[in-house]
Amino acid sequence: MTQGGAGKRRGRVESIHPDSIAVPIEYTDNHTGILVIGEAPGAEEQRTGTPFVGRSGHILRSAFERIGVQPEWITNLLCWQPPANRDPTSQEIDACLREHNTQLWHDLHPRLIIAVGTIACQFFTGQRIGAAGGRYYNTSWGIVFPILHPAAVLHDINQAEKENRLPLAMQEFENHLNALRNYL
Ligand code: URA
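## Description of the nonpolar core
Ranked by size, the top nonpolar core spans 23 residues in total, and within it Val 36, Leu 60, Phe 64, Ile 114, Ile 147, Phe 173 and Leu 180 carry the most contacts. Counting residues per element, the ones that place at least two in this core are strand 2 (34-38), helix 2 (55-67), strand 4 (112-116), helix 6 (129-132), strand 6 (142-147) and helix 8 (168-183). When near neighbours in sequence (up to four residues on either side) are disregarded, Ile 114 contacts Ile 34, Leu 35, Val 36, Ile 37, Phe 64, Val 69, Phe 145, Ile 147 and Leu 180. Residues Trp 73, Cys 79, Leu 97 and Leu 108 belong to the second largest nonpolar core, which totals 22 residues.

Pasting the structure below:
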């Protein structure tokens, strides 16, 4: 079930999608207090209005199922897909949190925030994913656990094929998931 920012149009997020509907927080029936937060919706998420339902979303959701993580909420820092899938700016993130994802500030009180990918990791911990992935951080938001973004795994698999090497990011992703499972 999804609620939250559904149907809200952009406020001061001038640089992205004037006409599209914000992709809201997905609320599940799991009362675990676990919030999963990525970077921004991709094309499939923007089309369906649900976060993490494209290729990397499937990888993430099945990895969570495999290790027994049952998120209560799933969302992104940004409520829209940025043009040409570029990285969100900090102004855009800030505007989305203030104007559209206000539940994050006010209502959710997650017991654990799983920050997916480098942008979410940087936002919550101020650290790069290479250093912070697979560890937990006590932040003003609560406990944050950054993991590698599955899109980075997919990208690395393609690159590895071209460069005739092993796909290393897959192992890193698994390491982060194992650390997360051990933390829970
Ligand atoms: N990548 C993200 O960070 N979030 C999504 O919802 C989909 C892909």
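## Focus on the packing of aromatic side chains
Each aromatic ring pair is specified by the distance between its two centres and by the angle formed by the two planes. Using the criterion set out here, one finds five aromatic pairs in the structure. An angle of 90 degrees between the planes, with centres 5.0 Å apart, marks the rings of Phe 123 and Phe 124 as edge-to-face. On the numbers, 5.1 Å between centres and 85 degrees between planes, the contact of Phe 124 with Trp 141 is edge-to-face. Of this pair, Phe 124 sits in helix 5 (residues 118-125) while Trp 141 sits in the loop between strand 5 (137-139) and strand 6, and the two are 17 residues apart along the sequence. You can call Phe 124 buried: its relative accessible area is 6%.

Conventions we followed
Residues numbered from 1 in each chain as written. Predicted model: local features only at pLDDT ≥ 70, side-chain atom pairs only at ≥ 80, totals over all residues. Heavy atoms only, no water. Core = buried A, V, L, I, M, F, W, Y, C linked by side-chain atoms within 4.5 Å. Buried < 20%, exposed > 50% of the residue type's maximum accessible area, 1.4 Å probe, protein only. Helix = DSSP H or I, 4+ residues; strand = E, 2+ residues; numbered from the N terminus. Contact = heavy atoms within 4.5 Å. Phe/Tyr/Trp six-rings, centres within 6.5 Å; stacked < 30°, edge-to-face > 60°.

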